[in-house]
Amino acid sequence: MGTIRAIQYLRAAAALAVVIFHAAEKTGHDFTIGAAGVDVFFVISGFIMWVINDRRPVTPAKFIADRLRRIVPIYWFSTAVMIAGALAGLFPNLVLTLDHVLASLVFIPVRSPSSGDIWPVLVQGWTLNFEMLFYAVFAASLLLPRHWRLPAINGLFVALVTLGLVARSENALWLTYTRPIILEFVAGMILGEFWLRGKVPGAAIGSSLIACSLGGFALIGGLHLPFDERSTGPLAVLLVLGALALEASGRVPMLNLPALLGDASYSIYLWHAFAISVVAKAGGILGMPAGISLLMAIVSGTISGISAYVFLELPLLQRGRNAAQ
């Protein structure tokens with residue numbers, strides 16, 4: 001579809017927000033609001049899927065194959081590293097069971113035997129459980145006429161969220177797939193339709209939307225307010241819409257480093273925690289100042305993700321494309 005620079009840069013910002021969140025957590029600081037980078041990712045995911053498929057229509061089977069080829073190999077590789085580390089005693093708090101490992105690999109939400117939370121073996125993979133739900137539903141919607149797809153997905157996701165509100169259950173699948181966070185994919189698709197129709201606001205309004213979004217995130221983070229997707233989801237939508245408005249006005253320049261970080265955002269998201277854990281532990285042993293440990297953790301987490309992108313993700317993607325031809 002051609003690179004939409006604003007989306008690329010937001011992917012970079014969302015990945016860095018998550019990196020800083022985990023680096024702060026490991027070094028005795030607080031940047032909890034960085035977890036909202038996931039909300040931005042979900043809105044972007046809905047936008048990208050809607051726009052790409054409009055410009056390059058594919059069958060449901062081709063769509064799923066493309067998504068699996070993009071998501072699965074590097075995720076399985078990083079999960080394997082986590083498992084190997086646990087078996088080697090590097091993660092003493094990680095309890096491995098066969099059913100949890102298998103569920104993690106096939107994106108089925110289950111409770112972790114380590115904590116009881118609904119986490120896969122590689123904790124940050126929890127977001128992929130939502131992504132895979134979205135991909136499956138989106139693929140099924142491709143069987144419908146185009147004008148029915150967005151209403152159908154929206155109707156299903158609203159129904160799931162409503163069921164989650166009226167019927168309580170502790171079942172992991174139920175708790176996962178009825179969370180309001182799934183509506184962020186729908187919001188992204190709606191933004192995608194606005195983009196395709198050329199109905200995004202002008203640059204002035206876009207700048208105001210970005211300022212309101214960032215101000216909202218800063219307010220939540222600065223005052224240490226409790227938050228979840230009900231508050232950060234709308235802020236993420238405003239941020240993406242504002243960025244698209246600037247893109248449409250031609251005011252987003254080409255910046256090499258943010259572009260690279262956007263390309264590497266998936267690898268950064270998957271791999272940063274390994275490096276951060278090592279740096280944080282080393283900082284504690286060596287008695288480094290907390291601020292230095294935080295900075296080094298952020299840098300190492302980001303560089304490890306970029307390295308994984310260059311030396312692992314790209315070759316795996318190329319191999320997958322060659323196998324598909």
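Quick notes on the rules
- In every chain, residue numbers begin from 1 and rise along the written sequence.
- Residues qualify for local features only when their pLDDT is at least 70, as the model is predicted, and side-chain atom pairs are given and counted only at 80 or more; totals for whole chains, interfaces and linings, by contrast, use all residues.
- Side-chain measures were taken over the full set of non-hydrogen atoms in the model, leaving aside hydrogen atoms and water.
- The working definition used for a salt bridge is a side-chain nitrogen of Lys or Arg within 4 Å of a carboxyl oxygen of Asp or Glu.
- UniProt positions are given in the numbering used here, feature names are shortened, and annotations may be inferred rather than shown by experiment.
- Each helix corresponds to a stretch of at least 4 residues labelled H or I by DSSP, and each strand to a stretch of at least 2 residues labelled E; elements are numbered beginning at the N terminus.
- Two residues qualify as a contact provided that any one of their heavy atoms is within 4.5 Å of a heavy atom in the partner residue.
- Two N or O atoms count as a polar contact when they lie within 3.5 Å, although within protein this holds only if one can serve as hydrogen donor and the other as acceptor, and sequence-adjacent residues are included solely when both atoms are side-chain atoms.
- The rule is short: rings of Phe, Tyr and Trp, with Trp giving its six-membered ring, pair when the centres are within 6.5 Å, and they are stacked under 30 degrees, edge-to-face over 60, tilted in between.
- Between buried and exposed lies partly exposed: a residue is buried under 20% and exposed over 50% of the maximum accessible area for its type, with that area taken using a 1.4 Å probe on protein chains only.

> Help me understand the pattern of salt bridges, please; the structure alone is not making it clear to me.
Any two side chains of opposite charge can pair, given that their charged atoms come close. With the rule as written, the count across this model stands at 9 salt bridges. Within this structure, Asp54, Arg146, Glu193 and Arg197 form a network of salt bridges that share partners.

> It is not clear to me how the UniProt feature "domain: Acyltransferase" (unreviewed entry) in the chain should be interpreted in this structure. Could you clarify?
When the UniProt feature table is mapped onto this chain, "domain: Acyltransferase" (unreviewed entry) is found at residues 5–306. With 73% helix and 0% strand, residues 5–306 has end C-alpha atoms that lie 18 Å from one another.

> How should I be thinking about the environment of Arg111 in this particular structure?
Inspection of the secondary structure assignment puts Arg111 in the loop between helix H4 (98–105) and helix H5 (126–141). Those residues in contact with Arg111, other than ones at most four positions away along the chain, are His100, Gly116, Asp117, Ile118, Glu170, Ala172 and Leu175. Among the polar contacts listed, one links the side chain of Arg111 to the backbone oxygen of Gly116, at a separation of 3.0 Å.

> What is the right way to read the packing of aromatic side chains from this model?
Within a pair of aromatic rings, the relevant descriptors are the distance that separates the centres and the angle that separates the planes. Scanning the entire structure with this criterion turns up 15 aromatic pairs. Here the aromatic rings of Trp50 and Phe138 are separated by 6.4 Å at their centres, their planes lie at 85°, and the arrangement is edge-to-face. Here Trp50, found in helix H2 (residues 37–55), pairs with Phe138, found in helix H5; they are 88 residues apart in sequence, far enough to count as distant. When the centroid spacing of 6.1 Å and the interplanar angle of 50° are considered together, the rings of Phe77 and Trp271 count as tilted. Pair noted here: Phe77 is in helix H3 (residues 60–87) and Trp271 is in helix H12 (residues 265–286), with a separation of 194 residues, a long-range link. For Trp271, a relative accessible area of 11% corresponds to the buried category. Ring pairing ties together the aromatic residues Phe42, Trp50, Phe63, Trp119, Trp126, Phe130, Phe134, Tyr135, Phe138 and Phe185, which thus form one cluster.

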